[in-house]
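Examining the three-dimensional arrangement
Here is what each chain is made of, one letter per residue.
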Amino acid sequence: MTKVTAQVSVSLDGFYAGPQFAGDGDWMDSAESAKFFRVTRWVTDAAAWRERQGFAGGEQDTNSEVVAESFGAAGAYVMGRRMADGGEAPWGEEPPFRAPVFVVTHRPREPLLRGGGTSFTYVTDGVASAVEQARAAAGGKDVAVAGGGSLVRQVLKAGLLDQLELHVVPVVLGTGLRLFDADLDLGEKEAIELTPTRVIHTPQVTHIRYAVRGRAPLVLDDRGSGGGPTVTGRVR
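Computed from a predicted model, the values in this text were never measured in an experiment. (Residues numbered from 1 in each chain as written. Predicted model: local features only at pLDDT ≥ 70, side-chain atom pairs only at ≥ 80, totals over all residues. Heavy atoms only, no water.)

1. Side note on the sheet that holds strand 11 (residues 206-217)
Across a sheet, paired strands are connected by hydrogen bonds in the backbone, their directions being either parallel or antiparallel. For clarity, the cut-off: For two strands to count as paired, DSSP must find a minimum of two bridges between them. Where helices and strands are cited, they refer to DSSP runs of H or I of at least four residues and of E of at least two residues respectively, numbered from the N terminus. In this analysis, two residues are considered to be in contact whenever any of their non-hydrogen atoms come within 4.5 Å of each other. Lines are fitted to the C-alpha atoms to define the axes, a helix being fitted only along its stretch in contact, and any angle between axes, read from their N-to-C directions, falls within 0 to 180 degrees.
Overall, mixed pairing links the nine strands, which are arranged 5-6-4-3-7-1-8-11-10 in an open sheet. Pairing within the sheet leaves two strands with one partner each, and these edge strands are strand 5 (112-113) and strand 10 (190-201). Each of strand 1 (4-11), strand 3 (74-80), strand 7 (142-147), strand 8 (163-169), strand 10 and strand 11 touches helix 4 (residues 62-73); the most contacted strand, strand 3, lies at about 95° to it. Here helix 5 (residues 81-91) sits on the sheet in contact with strand 3, strand 4 (100-104), strand 5, strand 6 (119-123) and strand 7, set at roughly 110° to strand 3.

Structural data, given as C-alpha cells:
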C-alpha cells in the first residue's frame, strides 16, 4: 500500500538549515547552507548517497543502509519549487531520484525530463494535487516528500502524511529554519500525534521513524488531583 512519507535531518534544537538565504551570491557560501550541511553530513558520507550522485567512495555502514532503504522505497517524489530550482544544475542530466518528481509551485513550467527515469512535473493547483499525482505515478511504492521543511509542514498540516522519519544529529544550531513552526495552525488544545515505530542509533545520528496519527484534541484525566487511580480520560 502506498504511503506518503517524509524524512528530515534536524539538530537537537529542531533546525534543518541555517537562516534562510534570500540575497544575491552563492547559496553554498550562506549560513543556511553551512547549517544544512552540518546536519546532513551523515548522508553525504554514506556510500549509498554517493553512488546515487555518481561519486565514488563513502561509508558502508548503518547510515548508508538507511539511505539505500529510503531510495528503494520511493516510487515518486513531491518537492518544493525552491529545492527543485536550487538542485537543477547540481543534479545534472541524471538526478538521483530515478522516479517522477512533482514540484509544488505557483509558476507554471513545462515538464522537465532527465536521464535515469527522473522527470519533473510542475503542479500549480496545490500540495494535495501534487500528492495525488505522485500516488498515481508511484506504482504501489511510497510517495516521498523530499522537502524543503515548509513543504513537509504543508503536507502534515493537510493530514496527508502517513510516516515521518527524523534523523536527529547531536548538534545545537541555535538559529535557522525550524522543521516544526506555528504555521501548522493547531488549535490551543490540539496536537498532531505520532507513534514511534523504529529507532536506530549510530554515533553520527539517531534515526527515529514515526507513524503519523493525525490531529487530536487534548483530553485531560485526573492525574495529580489526589482522587486515586481511577482514570476519567487521558491526554491524547
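2. Notes on the packing of aromatic side chains
Using the following cut-off: Ring geometry is summarised as follows: Phe, Tyr and Trp rings, the Trp one being its six-membered ring, pair when their centres sit within 6.5 Å, and such pairs are stacked at plane angles under 30 degrees, edge-to-face over 60 and tilted between the two. Relative accessible area decides the class of each residue, using a 1.4 Å probe on protein chains only: under 20% of the type maximum gives buried, over 50% gives exposed, and in between gives partly exposed. In this scheme, Lys NZ or Arg CZ marks a charge over a ring once it lies within 6 Å of the ring centre and within 35 degrees of the ring normal.
In the structure shown here, the tally under the stated rule is eight aromatic pairs. Considering the side-chain rings of W91 and F120, the 6.1 Å spacing of their centres and the 5° angle between planes classify their relative orientation as stacked. Here the residue W91 occupies a position in helix 5, and F120 occupies one in strand 6, the gap between them amounting to 29 residues. Residue F120 is classed as buried on the basis of its relative accessible area of 4%. Each ring, one from F97 and one from F120, has its centre 6.4 Å from the other, and the planes form 90°; the classification is edge-to-face. Highlighted residues: F97 in the loop between helix 5 and strand 4 and F120 in strand 6, separated in sequence by 23 residues. For the residue pair F97 and F120, the accessibility class agrees, reading buried in each case. Cation over ring: R52 sits above F71, and NZ or CZ is 4.3 Å from the ring centre.

3. A word on the UniProt feature "domain: Bacterial bifunctional deaminase-reductase C-terminal" (unreviewed entry) in the protein chain
As a reminder, the rule being used: UniProt positions are given in the numbering used here, feature names are shortened, and annotations may be inferred rather than shown by experiment.
According to UniProt, the "domain: Bacterial bifunctional deaminase-reductase C-terminal" (unreviewed entry) feature falls on residues 3-183. Helix makes up 35% of residues 3-183 and strand 25%, and the two end C-alpha atoms of the span are 24 Å apart.

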